[in-house]
Amino acid sequence: PGEGLALDNSDILDGGHKTRINKALNDSGTFTNGKTTTAQRIIVNCELAEQELLAQQREYPAQSVDEPFFGCYSQRYFRDRLEIYCAANGIRRITPYNFRHTFESYRKRPDESELTKAKNLYVGHTEEIPSYIHEVEGYPELVAQEINRIFLAIFEYARQKRNKDG
């Protein structure tokens, strides 16, 4: 969660098509470098993320280029606001880490293909990536398309469940 909260407008690249991730925001509001060498990266955004980033920029224009993109100044602040949101909307309490872990659960598959290994780079993980793997041309776009497909499938499942449960 800290990587997303640390984003500022200068990290949104190519009209929202890419995002530079090079820092994280911790509980006390301190910016830190990533934990691993792959934490510093530029990712290709999936279509849904691109749309949301651009909507965020339109809806809440920053006063300066280094202003936090989502207006949060610590993970604790975001977690507290999320808890209030959940309570107000009758949603089971979740944490920012629940978002990341749920994403990882959908992203990860038992069949570790090269595409899945490349997804580890997307989230800044070094585990499961052989020492000699390197980014192959076209992989970032494939990863973004796969992530978009996963989100669309989750949204469709939730829509069908909501319709069924009435």
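The present account deals with the structure reproduced in this document. (Residues numbered from 1 in each chain as written. Predicted model: local features only at pLDDT ≥ 70, side-chain atom pairs only at ≥ 80, totals over all residues. Heavy atoms only, no water.)

Within the chain, the secondary structure is distributed over six helices and five strands. Its helices and strands in sequence order give the chain the pattern α-β-β-β-β-β-α-α-α-α-α, from N to C terminus. Taking all 166 residues of the chain together, the buried fraction comes to 33%. On the chain, roughly 10700 Å² of surface is accessible, and the fraction owed to carbon and sulfur atoms is 54%. (Helix = DSSP H or I, 4+ residues; strand = E, 2+ residues; numbered from the N terminus. Buried < 20%, exposed > 50% of the residue type's maximum accessible area, 1.4 Å probe, protein only. Areas by Shrake-Rupley, 256 points an atom, 1.4 Å probe, with all protein chains shown as cover.)

The final tally for this structure, using the stated rule, is 11 salt bridges. Here Arg-41 ties to Glu-3 by a salt bridge, and the two come within 2.9 Å at their closest N and O atoms. With Arg-41 in strand β5 (residues 41–44) and Glu-3 in helix α1 (residues 2–5), this pair connects stretches of sequence that are 38 residues apart. When its relative accessible area of 10% is taken as the criterion, Arg-41 is described as buried. Its salt-bridge partner being Asp-14, residue Lys-18 comes within 3.9 Å of it at the nearest N-O pair. Salt bridges linked by common partners bring Asp-8, Asp-11, Arg-20 and Lys-23 together as one network. (Salt bridge = Lys/Arg side-chain N within 4 Å of Asp/Glu carboxyl O.)

Once that is clear, we can look at the pairing of strand β2 (residues 18–21). Along β2, the buried face is formed by Thr-19 and Ile-21; none of Lys-18 and Arg-20, which line the opposite face, is buried. Here strand β1 (residues 12–13) pairs with β2 via two bridges, running antiparallel. Bridge pairing in β2 links Ile-12 to Thr-19. Counting the residues between successive antiparallel strands, the hairpin from β1 to β2 contains four residues, one of them, Asp-14, with a positive phi of roughly 50 degrees. Judged from the four bridges that link them, β2 and β5 form a sheet pairing that is antiparallel. (Pairing = 2+ DSSP bridges.)

Looking now at the side chain of Ser-74. Looking at where Ser-74 falls in the secondary structure, it is placed in the loop between α2 (47–59) and α3 (75–88). Classification of Ser-74 as buried rests on a relative accessible area of 11%. Sequence-distant contacts of Ser-74, that is, excluding residues within four places in its chain, are made with Leu-5, Leu-25, Asn-26, Asp-27, Ser-28 and Gly-29. (Contact = heavy atoms within 4.5 Å.)

Turning our attention to the environment of Phe-78. Assignment of secondary structure puts Phe-78 in helix α3. Spatially, the C-alpha atom of Phe-78 lies 9.2 Å from that of Asp-27, the residues being 51 residues apart in sequence. Excluding residues that lie within four positions of it along the chain, Phe-78 makes contacts with Leu-5, Cys-72 and Pro-96.

On to α3, then. Between the first and last C-alpha of α3 there are 20 Å, a value that for 14 residues agrees with the 20 Å anticipated at 1.5 Å per step. Every buried residue of α3 is listed here: Gln-75, Leu-82 and Cys-86. Taken down its axis, α3 places every buried residue within 35 degrees of arc, on the same side. Exposed residues on α3 whose side chains face more than 90 degrees from its buried face are Ala-87 and Ala-88. Backbone geometry just downstream of α3 places Gly-90 in the positive-phi region, at approximately 65 degrees. (Expected span 1.5 Å × (residues − 1). Arc of directions from axis to C-beta.)

A few words now on the packing of aromatic side chains. Applying the stated rule across the entire model yields one aromatic pair. On the basis of an interplanar angle of 20 degrees and a centroid distance of 6.1 Å, the ring pair of Phe-151 and Phe-155 is categorised as stacked. Taken as a pair, Phe-151 and Phe-155 lie in helix α6 (residues 139–165) at a separation of four residues, close to a single helical turn. (Phe/Tyr/Trp six-rings, centres within 6.5 Å; stacked < 30°, edge-to-face > 60°.)

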